[in-house]
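Chains, contacts and geometry: an overview
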Amino acid sequence: EAGVVQSPRYKIIEKKQPVAFWCNPISGHNTLYWYRQNLGQGPELLIRYENEEAVDDSQLPKDRFSAERLKGVDSTLKIQPAELGDSAVYLCASSLETANSPLHFGNGTRLTVT
Amino acid sequence: QQQVKQSPQSLIVQKGGISIINCAYENTAFDYFPWYQQFPGKGPALLIAIRPDVSEKKEGRFTISFNKSAKQFSLHIMDSQPGDSATYFCAATRDTGRRALTFGSGTRLQVQP
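Report on the accompanying structure. (Residues numbered from 1 in each chain as written. Chains lettered and ligands numbered in written order. Predicted model: local features only at pLDDT ≥ 70, side-chain atom pairs only at ≥ 80, totals over all residues. Heavy atoms only, no water.)

As a further point, take the overall build of chain B. Counting its regular elements, chain B contains 0 helices and 11 strands. Reading chain B from its N terminus to its C terminus gives the helix and strand order β-β-β-β-β-β-β-β-β-β-β. In summary, chain B has a C-alpha radius of gyration of 13 Å against a globular reference of 13 Å for 113 residues, a match within 12%. Seen along its three principal axes, the alpha-carbon backbone of chain B occupies a region of about 40 × 30 × 20 Å. Relative to its 113 residues, chain B shows a buried fraction of 42%. (Helix = DSSP H or I, 4+ residues; strand = E, 2+ residues; numbered from the N terminus. Rg over C-alpha atoms; globule rule 2.2 N^0.38 Å. Buried < 20%, exposed > 50% of the residue type's maximum accessible area, 1.4 Å probe, protein only.)

Next up on the list: the overall build of chain A. Scanning chain A from N- to C-terminus turns up 0 helices and 11 strands. Listed N to C, the secondary structure of chain A is β-β-β-β-β-β-β-β-β-β-β in terms of helices and strands. Counting across all 114 residues of chain A, residues that qualify as buried make up 46%. When contacts within chain A are restricted to residue pairs at least 6 apart in sequence, those whose partners lie at least 24 apart make up 53%. Split by element, the accessible area of chain A, about 5,700 Å² in all, is 48% carbon and sulfur. Treating the 12 positive side-chain charges of chain A as one cloud and the 14 negative ones as another, the clouds have centres 8 Å apart. (Contact = heavy atoms within 4.5 Å. Areas by Shrake-Rupley, 256 points an atom, 1.4 Å probe, with all protein chains shown as cover. Lys, Arg positive; Asp, Glu negative; His and termini not counted. Charge placed at Lys NZ, Arg CZ, Asp CG, Glu CD.)

In this complex, chain A contributes 20 residues to the contact, which on the side of chain B involves 19 residues. For the chain A and chain B pair, buried surface summed over both sides reaches about 1,600 Å², with 49% attributable to carbon and sulfur atoms. At the boundary of chain A and chain B, one finds 0 salt bridges. On inspection of chain A and its partner chain B, the count reaches 5 residue pairs in polar contact (both at pLDDT 80 or more). (Buried area = accessible area lost by both parts, 1.4 Å probe. Salt bridge = Lys/Arg side-chain N within 4 Å of Asp/Glu carboxyl O. Polar contact = N/O pair within 3.5 Å; in protein donor to acceptor, adjacent residues only side chain to side chain.)

It is worth spelling out the environment of A:Cys92 at this point. Residues and elements named next belong to chain A. By secondary structure assignment, the location of Cys92 is in strand E9 (residues 88-95). Take Cys92: its relative accessible area is 0%, and that puts it in the buried class. Once you skip the residues sitting within four places of it in the chain, Cys92 turns out to touch Val4, Gln6, Cys23, Leu32, Tyr33, Trp34, His104, Phe105 and Gly106.

With that settled, consider the sheet that holds strand E7 (residues 62-67) of chain B. All names here are of chain B. Taken in spatial order, the 5 strands make up an open sheet running E1-E3-E8-E7-E6, and their pairing is antiparallel. Only two strands of the sheet have a single neighbouring strand rather than two, namely strand E1 (4-7) and strand E6 (56-59). Going from strand to strand, the sheet's axes swing by 15 degrees on average, the running direction of each strand aside. Sheet topology places E6 next to E7; 4 bridges connect them, and they run antiparallel. Pairing of Lys58 across the sheet is with Thr63, part of E7. (Pairing = 2+ DSSP bridges. Axes fitted to C-alpha atoms, helices over the stretch in contact; angles between N-to-C directions.)

Applying the stated criterion across every chain, the model contains 17 aromatic pairs over all chains. Their ring planes at 55 degrees and their centres at 6.2 Å tell us that B:Tyr25 and B:Phe73 sit as a pair that is tilted. In this pair, B:Tyr25 sits in strand E3 (residues 19-25) while B:Phe73 sits in strand E8 (residues 72-77), placing the two residues 48 residues apart along the sequence. Accessibility classification places B:Tyr25 together with B:Phe73 in one group, the buried group. Between B:Trp35 and B:Phe73, the aromatic rings sit 5.7 Å apart at their centres with planes inclined by 70 degrees, giving edge-to-face as the arrangement. With B:Trp35 in strand E4 (residues 30-38) and B:Phe73 in strand E8, the pair connects residues that are 38 residues apart, well separated along the chain. By relative accessible area, B:Trp35 is classed as buried at 0%. Site record: aromatic cluster; members linked through ring pairs are A:Tyr33, A:Tyr35, A:Phe105, B:Tyr36, B:Phe89 and B:Phe103. It is A:Arg9 that lies over the ring of A:Tyr10; its NZ or CZ is 5.4 Å from the centre. (Phe/Tyr/Trp six-rings, centres within 6.5 Å; stacked < 30°, edge-to-face > 60°. Lys NZ or Arg CZ within 6 Å of the ring centre and 35° of its normal.)

Written out as structure tokens, the structure is:
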């Protein structure tokens, strides 16, 4: 089966510019996650979707971050405006909505804000 | 609030040796404890997982030991190989995994040939 696909792989932008990341989950996975991974740290949840509904966005900095999952498949995460501290790897993951279903991660988008 | 604490931060083991990584959690509602392996430039991938109703789970060279009373769990890699060199993350979640994972800070393992 095809894995979780993320694009772009790398993005370099200047601070205050907008940026968007795209994620295509594994077919049939109705749960989708966006995590942020700072250098040398574990992933931290930004938002979790069940189908097209955001069921956990408590850790999403809503003043500058937004996300959408239209039609319950692909998802986009946006930052506007970006800050230096947003430099990190943004990981998308998907899973089935069953007990203890493993998360399947994409390879991430490495964002550098200069 | 760091709900899952992981140690050591880095680990160097000789080929054939045993690698041991430890994690401690705070939230007693956690009921699912997976370990993920991450290679450079890749996303984390599930390695092995355990539920608190068992004290140990073994899959090949990888074993999780779980101590519910101490709120601790550990990953043991037997006969460590250079190909095991990666970063390992423990994680925890509740509601039988229907909530998002909370990850530890990671352990960078280097297995020397």
